[in-house]
Amino acid sequence: MRRRLKDGETGLVLLPEPREWGSLADVEAYAHSCIDICGPEGWRMQWDRAVRRLGCCKIHQRVISISRYFAESYLHRDPELIRRTVLHELAHALAWEYYRERNHGEAWHHFCCQLGIPDERSVCKCEDFSPAERRREPLFALCNKETGEVYRYYYRSPRITPRKLSRCYIPGQKTATYGKLQIVDLRPPAPSSLPESESER
Ligand SMILES: [Zn+2]
């Protein structure tokens, strides 16, 4: 049964205007002002050393953690990607504080909408990510429909039909994954639907 979200803060929150970032300190200031404006109380942003994902949300420490390596790599090339990652993790923080939801579920999506990123996807941010210098960008991912957890990436279109996939599971995780797998398309949307600022993504 799908849980209904409680009524709460509705409508878009007014976030600080993203401006040109000259250094990681600017990103940090942006993240902290977002937290100040719409984040749950007591949360903060910190850097980490991850190279396989962009950010994560540490609910017990009340921390939104962003990969320093990733932020340095994309600071000038794709600031929009960094901005969205900050908001993606902030949505996790809000989903946890208000609804005790840990994954990319309904509450997380609800807050993504409020933060102005309604089309945000669950993969590529928290689960696994390699900067382009390190690895080719995967085109598809095998995920859990319910939790958003990623099990593997594909660099070409996977040859598996939805029908067959519905009878597959991850070895050792049958209960959690049987009939719950899906292939997610990671390719960027067609250029016509891209906002200008995302054209390089
Ligand atoms: Zn996430």
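All of these numbers come straight from a predicted model, not from anything done at the bench.

**Section: the overall build of the chain**
- A count of helices and strands for the chain gives six helices and six strands.
- Start at the N end of the chain and walk to the C end: the helices and strands fall as α-β-β-β-α-α-α-β-β-α-α-β.
- Counting over 201 residues, the chain shows a buried share of 30%.
- The contacts of the chain with a sequence gap of at least 6 include a subset with a gap of at least 24, amounting to 53%.

**Thoughts on the packing of helix H1 (residues 24-38) against helix H3 (residues 79-99)**
- Following both chains from N to C, one finds H1 and H3 inclined at 35°, their axes separated by 11 Å at the closest point. The element H1 and its partner H3 pack so that their crossing is right-handed. Listed contacts from H3 to Val27, Tyr30, Ala31, Cys34 and Ile35 of H1 are Ile82, Val86, Leu87 and Leu90.
- Grouping the amino acids of the contact of H1 with H3 by side-chain chemistry returns nine nonpolar, no polar and no charged.

**A look at the sheet that holds strand E5 (residues 150-154)**
- With respect to topology, three strands assemble into an open sheet ordered E5-E4-E6, the strand pairing being antiparallel. Among the strands making up the open sheet, the edge pair consists of E5 and strand E6 (181-185). Within this sheet the neighbouring strands show an average axis-to-axis angle of 25°, counted without direction.

**Some details on unusual backbone geometry**
- One non-glycine residue, Arg62, lies in the positive phi region at around 55°.
- Secondary-structure assignment places Arg62 in the loop between strand E2 (55-58) and strand E3 (63-67).
- Residue Arg62 is classed as partly exposed on the basis of its C-beta count, with 17 C-beta atoms lying within 10 Å.
- Even without being a glycine, Arg100 presents a positive backbone phi close to 55°.
- Structurally, Arg100 can be placed in the loop between H3 and helix H4 (106-114).

**Focus on the confidence of the model for the chain**
- Overall, the predicted model of the chain reaches an average pLDDT of 79, with 80% of residues at or above 70.
- Mean pLDDT values for the elements of the chain range from 80 in E5 up to 94 in strand E1 (residues 44-48).
- Every residue in residues 1-11 scores below 50 in pLDDT, and together they form seven contacts with partners more than four places removed in sequence or on other chains.
- Across residues 193-201, confidence stays below pLDDT 50; counting only partners more than four residues off in sequence or on other chains, it has ten contacts.

Conventions adopted
Residues numbered from 1 in each chain as written. Predicted model: local features only at pLDDT ≥ 70, side-chain atom pairs only at ≥ 80, totals over all residues. Helix = DSSP H or I, 4+ residues; strand = E, 2+ residues; numbered from the N terminus. Buried ≥ 20, exposed ≤ 12 C-beta atoms within 10 Å, placed from the backbone. Contact = placed C-beta atoms within 7 Å. Axes fitted to C-alpha atoms, helices over the stretch in contact; angles between N-to-C directions. Left-handed = near helix turned anticlockwise from the far one by under 90°. Nonpolar A, V, L, I, M, F, W, Y, C, P; charged D, E, K, R; others polar. Pairing = 2+ DSSP bridges. pLDDT = per-residue confidence, 0-100.

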